[in-house]
2 protein chains.
Amino acid sequence: MAAQSQYEELTRQLSAFGVVKRGLARDLPHQCQAGSAAVLALLHRHGEMRLSRLAELLSVDMSVTSRHVAHLTERGWLDREPDPLDKRSRLLRLNAEGENVLRDISDRYVTTLAEALHDWSDEDVGRLTELLARLRDSFGEGRSPRTTP
Amino acid sequence: MAAQSQYEELTRQLSAFGVVKRGLARDLPHQCQAGSAAVLALLHRHGEMRLSRLAELLSVDMSVTSRHVAHLTERGWLDREPDPLDKRSRLLRLNAEGENVLRDISDRYVTTLAEALHDWSDEDVGRLTELLARLRDSFGEGRSPRTTP
DNA sequence: TATTGTTATACTCTATAACTATA
DNA sequence: TATAGTTATAGAGTATAACAATA
């Protein structure tokens, strides 16, 4: 359990995270912003899934996820097929075109990070990644949207 | 210099930061959202300053800063006095009411963090804070808004 | 002419609520 | 009756561009 002043300092750093987020988003293709990119990445990583599952992985409301998915589908980057187990759902899957777009975006992210963090050690990059993952867990375990009414 | 896969993993964690940001913002008073809270915190920490300096500290465009400041001024939480050195500028200063609001917000942030991170060690909280500060520096040193046209 | 700050406009991301179709 | 998903609407945060006042 940390001291109050430690939390206050952490608060300052968390509040200032926007500059990092914008730095990453700046170099994305106009057709695929950060929100949509996250959808592509999750579908690539976890494979075919339903919208509700995707929303859960994104920690975002289904209505938001639905719009991202619609955006990506309109551009022909992912397919929606009927779910044989439940006619209300459709299974979302990245297609070849979507994989290409994702690869492009991933390259852009990596380039931006490699440039910004050129003077970081491997260990520090790893430590930050680990702590961010843990931070997300610590916050994610609280109430999730539309699940604890 | 880290490997590509390390950057990709970091990208995932950075993209998922939204859940943390929303977790912190959820418990703020309706009258003062995160953006305005950041203004209060900076004026408390650095004292009286001009709008342009504030925008620089926030790493955000002056137009954005101007709106936050207008919001806070309307609520009577900060004062704008003529800058004796430049009639185009005004000096912004937190007043007593603003200090109270900031104290309230700071308490809320600390409470939220203490709850979410109750099982974190002091050392890990410190490490995360440090790495986030460094991350911000690494991104902040790039182009800043309205300075590199 | 250049700079400080303001305002109008537009875009992204998000949530809530009302709705349809299916379970 | 409850759940999966969609859509309409609203609000926070941000940037760009046009503008006023002053340097």
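Please refer to the structure higher up on the page.
Figured I'd write up the structure that's included with this text. (Residues numbered from 1 in each chain as written. Chains lettered and ligands numbered in written order. Predicted model: local features only at pLDDT ≥ 70, side-chain atom pairs only at ≥ 80, totals over all residues. Heavy atoms only, no water.)

It is worth spelling out the protein's contact with DNA strand C at this point. Residues in close proximity to DNA strand C total 25 residues, the closest being A:Gly35, B:Ser52, B:Ser66, B:Arg88 and B:Ser89. Taking the atoms of DNA strand C that fall within 4 Å of the protein, sugar and phosphate contribute 67% of them. In this structure, a phosphate oxygen belonging to DNA strand C sits 3.1 Å away from a main-chain N or O atom of A:Ala34. At 2.6 Å, a side-chain N or O of B:Ser89 approaches a sugar or linking oxygen of DNA strand C. (Near = heavy atom within 4 Å. Polar contact = N/O pair within 3.5 Å; in protein donor to acceptor, adjacent residues only side chain to side chain.)

With that settled, the discussion passes to unusual backbone geometry. In this structure, A:Ser59 is a non-glycine residue whose phi angle is positive, near 55 degrees. Its relative accessible area of 25% is what places A:Ser59 among the partly exposed residues. (Buried < 20%, exposed > 50% of the residue type's maximum accessible area, 1.4 Å probe, protein only.)

The subject of this paragraph is a positive patch on the surface. A cluster of basic residues, A:Lys21, A:Arg22, A:Arg26, B:Lys21, B:Arg22 and B:Arg26, forms a positive patch on the protein surface. Elements supplying a minimum of two residues to the positive patch: helix 2 (18–25) of chain A together with helix 2 (18–25) of chain B. On the accessibility criterion, A:Arg22 (35% relative accessible area) is partly exposed. (Patch = residues over 30% accessible without salt bridge, like charges linked within 9 Å, V, L, I, M, F, W, Y side chains within 5 Å. Areas by Shrake-Rupley, 256 points an atom, 1.4 Å probe, with all protein chains shown as cover. Salt bridge = Lys/Arg side-chain N within 4 Å of Asp/Glu carboxyl O. Lys, Arg positive; Asp, Glu negative; His and termini not counted. Charge placed at Lys NZ, Arg CZ, Asp CG, Glu CD. Helix = DSSP H or I, 4+ residues; strand = E, 2+ residues; numbered from the N terminus.)

The environment of DNA strand D is made up of 25 residues, and the closest members are A:Ser52, A:Ser66, A:Arg88, A:Ser89 and B:Gly35. Backbone polar atom of B:Asp61 to a phosphate oxygen of DNA strand D: 2.9 Å apart, as the coordinates give it. Here a base oxygen of DNA strand D and a side-chain polar atom of B:Ser63 are 2.9 Å apart. Among the secondary structure elements, those contributing two or more residues to the surface near DNA strand D are helix 4 (51–58) and helix 5 (62–74) of chain A together with helix 3 (34–46) and helix 5 (62–74) of chain B. In terms of residue count, the dominant contributor to the surface near DNA strand D is helix 5 of chain A (4 residues). The class makeup of the residues in the surface near DNA strand D is 5 nonpolar, 8 polar and 12 charged. (Nonpolar A, V, L, I, M, F, W, Y, C, P; charged D, E, K, R; others polar.)

Now for the interface of chain B and chain A. On the chain A side, the residues contacting the 55 residues of chain B number 56 residues. When chain B packs against chain A, close to 5,800 Å² is buried across both sides, 67% of that on carbon and sulfur atoms. Together, B:Tyr7, B:Trp120 and B:Phe139 form the three largest contributors to the area buried by chain B at its contact with chain A, with a combined 12%. At the boundary of chain B with chain A, the tally comes to 2 salt bridges. A salt bridge links A:Arg134 to B:Asp124; its shortest N-O distance comes to 2.8 Å. If you look at where chain B meets chain A, you find 14 residue pairs in polar contact (both at pLDDT 80 or more). Ranked by residues supplied to the side of chain B that touches chain A, first place goes to helix 7 (residues 122–140) of chain B with 15 residues. Class assignment for the residues of the side of chain B that touches chain A results in 26 nonpolar, 13 polar and 16 charged. (Contact = heavy atoms within 4.5 Å. Buried area = accessible area lost by both parts, 1.4 Å probe.)

With that settled, the discussion passes to the packing of helix 1 (residues 4–15) of chain A against helix 6 (residues 96–116) of chain B. For any two helices packed against each other, one specifies the crossing angle of their axes together with the interaxial distance. Where helix 1 of chain A meets helix 6 of chain B, the axes come as close as 9 Å, and the angle between the chain directions of the two elements is 100 degrees. When the axes of helix 1 of chain A and helix 6 of chain B are compared, the pair comes out roughly perpendicular. When helix 1 of chain A is examined against helix 6 of chain B, the residues A:Gln4, A:Tyr7, A:Glu8, A:Leu10, A:Thr11, A:Leu14 and A:Ser15 are found in contact with a partner set consisting of B:Ser106, B:Asp107, B:Tyr109, B:Val110, B:Leu113 and B:Ala114. In terms of residue class, the contact of helix 1 of chain A with helix 6 of chain B is made up of 7 nonpolar, 4 polar and 2 charged. (Axes fitted to C-alpha atoms, helices over the stretch in contact; angles between N-to-C directions. Parallel < 35°, antiparallel > 145°, perpendicular 65-115°, else oblique.)

All right, on to the packing of aromatic side chains then. Under the definition given, this model contains 1 aromatic pair over all chains. Arranged with centres 3.8 Å apart and planes meeting at 20 degrees, the rings of A:Phe17 and B:Phe17 form a pair that is stacked. Here B:Phe17 lies in the loop between helix 1 (4–15) and helix 2 and A:Phe17 lies in the loop between helix 1 and helix 2, a pairing that spans two chains. The aromatic ring of B:Trp120 is capped on one face by A:Arg134, whose charged end is 4.3 Å from the ring centroid. (Phe/Tyr/Trp six-rings, centres within 6.5 Å; stacked < 30°, edge-to-face > 60°. Lys NZ or Arg CZ within 6 Å of the ring centre and 35° of its normal.)

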